[in-house]
Amino acid sequence: MHATMMNVPLSLNHLLDRAGHLFPENKVVSRLPDKTLRTHTYAQIHRRTRALASALQKLGIRKGDRVATLSWNHHAHLECYFGIPAAGGVMHTLNLRLSPDEIGWIAGDAQDRFLIVDDVLLPLYKQFAHLHKFERVIVFPFSGAPVAAEFDNYETKLAGAAPDTFTYPAHDENDPVAMCYTSGTTGRPKGVVYSHRSTVLHTLVGCLAENWGLRTSDVLLPVTPMFHANCWGLPYGAVMMGAKLVFPGPHLHPDDLLDLIKAEPPTLSVGVPTIWLGLIQRFERALTEEPGRWQLPNGMRSMVGGAAVPESLIRAFDRHGVWLQQGWGMTETSPLATVSSKVENAGEAERFRRAAMAGMPVPLVDVRIRTEDGSDAPHDGTSMGEIQVRGPFITGSYHEVPVAADKFTADGWLRTGDVATMDPQGFVRITDRTKDLIKSGGEWISSVDLENALMAHPAIVEAAVIAIPNEKWSERPLACVAMKPGQNATPAELGAHLLKHGFAKWQLPDRYEVIDAVPRTSTGKFWKLKLRERFPR
Ligand code: ADP
């Protein structure tokens, strides 16, 4: 017997057409370099995106060709998300926070044919232009300044295209649509390539009520850069649902974000913990120093992930009516793999304890925790092992890299390099990245647990814990702490604070170093590698 269902390929083109036809009046707002707001309707975005696809075809794009973007979060970048695949191309988002050498290397590795770049980022482009030759460089006049004749002008190309007669080239649902590079903390960055199928499935799973819970009536503020695991897939979801989008452009300072939140109050926002840490400190300071300057939208939800979300941060936002919902994942997992959805029927302590966990595997993603001896760790909330994942939006290899045993198991699961526990309810708790765990006298100490507890201390604003070599114990924890302005805490006070949080004496840091701030990676996460270099012993 055969199933009688139509064999229609899953397609991003469908999501785009849906927004254009069903939600033509819904809005996409972008903050421009001069901080003014520019609004487009989905009808306009739909037409402009089809114009982009038509223009790319006229420029000679072939199926599978890579078109790189070097852009902030704004409507034209959204047009690239859909327009490049609609033309048969593969969108490759370049991380503008990497060094010019790294960007050039990555563009070469991906064999990017064209580049679409914000005019305000041309100085960065010029620093790596000698490392990779793009056939065409298309400049988006984000600032409104004239585009130099040596480049193609994005707006001119769109104006000269034929969106009404453009037809989507036929495609298979497994054809590639986008690629992102991993951070390359160990060795060179590696390319992950997403397909129509993986992206549509990830979008559907993301939009579920327990995950992003994205509705047409939502107003989404994506602070996560569109080059960071494709903004965690949220732009695809917003277009599918026709939700209003508010893009912050290049203005990510806490004051700018608070101004934008005031002007265009979101119901849902997305970003790494360090963004929200900076925002809540600024907001709370303003409450006393400049009362009434800003409000946080009551009932706003925020998807937070990419790094551990301290319970103290979740509680701080909750005091102002905003719920932080934690997700765990990586570029390789599209990225959503687990979500800690709000536990409603539980006491306050339990609600926050669970919110500070990575949460439950999302549908379609298989998660297992493997111990060092290769067995499955019992789901008891304490047994640790490596998280391994499998599913239709998990990468099974890397772009032009031979499949290596350190990244994939013999039975085809992705080895994430994250260490975690799972409890009887299926909640995952990330203990550490394998390389960040502190191995002391044969026992593991979780740097994440120590950091979260330290950041709950009233004098501390940021904390990062690293391992330093120790002759007797092999490694011991060193805590790097940044204090709030005018505040202080002695090592003895911090030790007593940690003991109160349930740590054993042998788990306490041997040393505390006071630093100005924890260094950040290109995606805004705490960069412990830099601290290890600074404090090698
Ligand atoms: P990178 O951080 O290396 O630039 P990714 O954005 O792909 O690249 O990061 C994935 C990693 O981020 C995960 O393997 C994990 O270590 C960390 N991570 C993501 N979400 C969480 C979370 N909720 N809690 C703790 N760690 C997280």
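Provided above is the structure to which this section pertains.
Residues numbered from 1 in each chain as written. Predicted model: local features only at pLDDT ≥ 70, side-chain atom pairs only at ≥ 80, totals over all residues. Heavy atoms only, no water.

## Some thoughts on the overall build of the protein chain
Item 1. In terms of regular secondary structure, the protein chain is built from 15 helices and 25 strands.
Item 2. Since a compact globule built from 537 residues should have a radius of gyration of about 24 Å, the 23 Å found for the protein chain is in line with a globular shape.
Item 3. Pairs at least 24 apart in sequence give 66% of the contacts found in the protein chain among residues at least 6 apart.
Item 4. Split by element, the accessible area of the protein chain, about 22500 Å² in all, is 53% carbon and sulfur.
Item 5. When the 56 basic and 58 acidic side-chain charges of the protein chain are each reduced to a single mean position, those positions are 2 Å apart. (Helix = DSSP H or I, 4+ residues; strand = E, 2+ residues; numbered from the N terminus. Rg over C-alpha atoms; globule rule 2.2 N^0.38 Å. Contact = heavy atoms within 4.5 Å. Areas by Shrake-Rupley, 256 points an atom, 1.4 Å probe, with all protein chains shown as cover. Lys, Arg positive; Asp, Glu negative; His and termini not counted. Charge placed at Lys NZ, Arg CZ, Asp CG, Glu CD.)

## What about the packing of aromatic side chains?
Item 1. Applying the stated criterion across every chain yields a total of 12 aromatic pairs.
Item 2. For the ring pair Tyr-125 and Phe-128, a centre distance of 5.7 Å and an interplane angle of 90 degrees mean the geometry is edge-to-face. Taken as a pair, Tyr-125 and Phe-128 lie in helix H5 (residues 122-128) at a separation of 3 residues, close to a single helical turn. Of the two residues, Tyr-125 and Phe-128, both sit in the buried class.
Item 3. Centre to centre, the rings of Trp-276 and Phe-317 are 6.2 Å apart; their planes meet at 90 degrees, and the pair counts as edge-to-face. Pair noted here: Trp-276 is in helix H10 (residues 273-289) and Phe-317 is in helix H11 (residues 311-318), with a separation of 41 residues, a long-range link. There is no split in this pair, since Trp-276 and Phe-317 are both buried.
Item 4. Within the aromatic cluster, the residues linked to one another by ring pairs are Tyr-125, Phe-128, Phe-134 and Phe-151. (Phe/Tyr/Trp six-rings, centres within 6.5 Å; stacked < 30°, edge-to-face > 60°. Buried < 20%, exposed > 50% of the residue type's maximum accessible area, 1.4 Å probe, protein only.)

## A word on the side chain of His-497
Item 1. As for its placement among the helices and strands, His-497 is situated in helix H14 (residues 491-500).
Item 2. When residues no more than four places from it in sequence are discounted, the contact partners of His-497 are Ala-453, Leu-454, Ala-456 and His-457.

## Considerations on the pairing of strand S18 (residues 385-390)
On any regular strand, side chains alternate: one points to one face of the sheet, the next to the other face.
Item 1. With 5 of 6 residues buried, S18 lies mostly within the body of the structure.
Item 2. When strand S17 (residues 366-370) meets S18, the two strands line up antiparallel, connected through 5 bridges. Within S18, the position partnered with Asp-366 by the bridge is Arg-390. (Pairing = 2+ DSSP bridges.)

## Focus on the sheet that holds strand S19 (residues 414-422)
In a beta sheet, neighbouring strands pair by backbone hydrogen bonds and run either parallel or antiparallel.
Item 1. Strand order in the open sheet formed by 4 strands is S17-S18-S19-S20, with antiparallel pairing between adjacent strands. In this open sheet, the two edge strands, each paired with only one partner strand, are S17 and strand S20 (428-433). The average undirected angle you get between the axes of adjacent strands in this sheet is 45 degrees.
Item 2. As judged from the 5 bridges shared by S19 and S20, these two strands associate in the antiparallel manner. Paired with Met-422 across the strands is Val-428, a residue of S20. (Axes fitted to C-alpha atoms, helices over the stretch in contact; angles between N-to-C directions.)

## A word on the site of the ligand
Item 1. The environment of the ligand is made up of 16 residues, and the closest members are Ser-183, Thr-331, Asp-418, Arg-433 and Lys-525.
Item 2. In this structure, Ala-308 approaches the ligand through a main-chain N or O atom, which is 3.3 Å from a nitrogen atom.
Item 3. The separation between an oxygen atom of the ligand and a polar side-chain atom of Arg-433 is 2.7 Å.
Item 4. In isolation the ligand exposes 570 Å². Once the protein is present, 90% of that is buried. (Near = heavy atom within 4 Å. Polar contact = N/O pair within 3.5 Å; in protein donor to acceptor, adjacent residues only side chain to side chain.)

## Brief notes about the pattern of salt bridges
Item 1. Going through the model one piece at a time under the given rule, you end up with 35 salt bridges.
Item 2. Its salt-bridge partner being Arg-47, residue Asp-164 comes within 2.6 Å of it at the nearest N-O pair. Separated by 117 residues along the polypeptide, Asp-164 in the loop between helix H6 (154-159) and strand S8 (176-181) and Arg-47 in helix H2 (residues 42-58) bring together distant segments of the chain.
Item 3. You can call Asp-164 exposed: its relative accessible area is 61%. (Salt bridge = Lys/Arg side-chain N within 4 Å of Asp/Glu carboxyl O.)

## Focus on the pairing of strand S6 (residues 136-140)
Item 1. Of all 5 residues making up S6, 4 are buried, and the element is well covered by its neighbours.
Item 2. Here 5 bridges tie strand S5 (residues 112-118) to S6, and the two strands are oriented parallel to one another. Along S6, the bridge assignment pairs Leu-115 with Val-137.
Item 3. Taking the sense of rotation as the criterion, the β-α-β connection linking S5, H5 and S6 turns out right-handed.
Item 4. In the sheet, S6 pairs with strand S7 (residues 152-153) via 2 bridges, with the strands oriented parallel. In the strand pairing of S7, Val-139 is matched with Asn-153. (Right-handed = clockwise from strand over helix to strand, strands pointing away.)

## Topic: the state of the cysteines
Item 1. Within this structure, the stated rule accounts for 0 disulfides.
Item 2. The thiol of Cys-180 is not disulfide-bonded; the next cysteine sulfur, from Cys-231, is found 11 Å away. (Disulfide = S-S within 2.5 Å.)

## Topic: the packing of helix H1 (residues 12-22) against helix H8 (residues 234-241)
Item 1. Contact geometry of H1 with H8 gives a least axis separation of 7 Å together with a crossing angle of 50 degrees. As the angle between them shows, H1 and H8 are arranged oblique. Contacts between H1 and H8 involve Leu-12, Leu-15, Leu-16, Arg-18 and Ala-19 from the first element and Tyr-236, Val-239, Met-240 and Met-241 from the second. (Parallel < 35°, antiparallel > 145°, perpendicular 65-115°, else oblique.)

## Looking at the sheet that holds strand S13 (residues 301-305)
Item 1. With mixed pairing, the 9 strands of this open sheet are ordered in space as S2-S1-S11-S10-S12-S13-S14-S15-S16. The sheet terminates laterally at strand S2 (37-41) and strand S16 (360-361), the two strands that pair on one side only.
Item 2. Where S13 lies against strand S14 (residues 323-329), 5 bridges are found, and the strand directions are parallel. Within S14, the residue paired with Arg-301 across the bridge is Trp-323.
Item 3. On the sheet, helix H9 (residues 254-263) packs against strand S1 (27-31), S2, strand S10 (219-222) and strand S11 (244-247) and is oriented at approximately 150 degrees with respect to S1.

## Let's talk about the nonpolar core
Item 1. Core analysis: the largest hydrophobic core is formed by 171 residues, its most contacted members being Leu-70, Tyr-125 and Leu-454.
Item 2. When neighbours within four sequence positions are excluded, Leu-454 is seen to be in contact with Ile-460, Ala-463, Val-465, Ala-479, Val-481, Leu-494, His-497, Leu-498 and Tyr-512. (Core = buried A, V, L, I, M, F, W, Y, C linked by side-chain atoms within 4.5 Å.)

## Structural notes on the environment of Leu-324
Item 1. Its location among the elements puts Leu-324 in strand S14.
Item 2. Expressed as a C-alpha distance, the spacing of Leu-324 and Val-147, which sit 177 residues apart in the sequence, is 41 Å.
Item 3. Once you skip the residues sitting within four places of it in the chain, Leu-324 turns out to touch Ser-302, Val-304, Val-309, Leu-313, Ile-314 and Phe-317.

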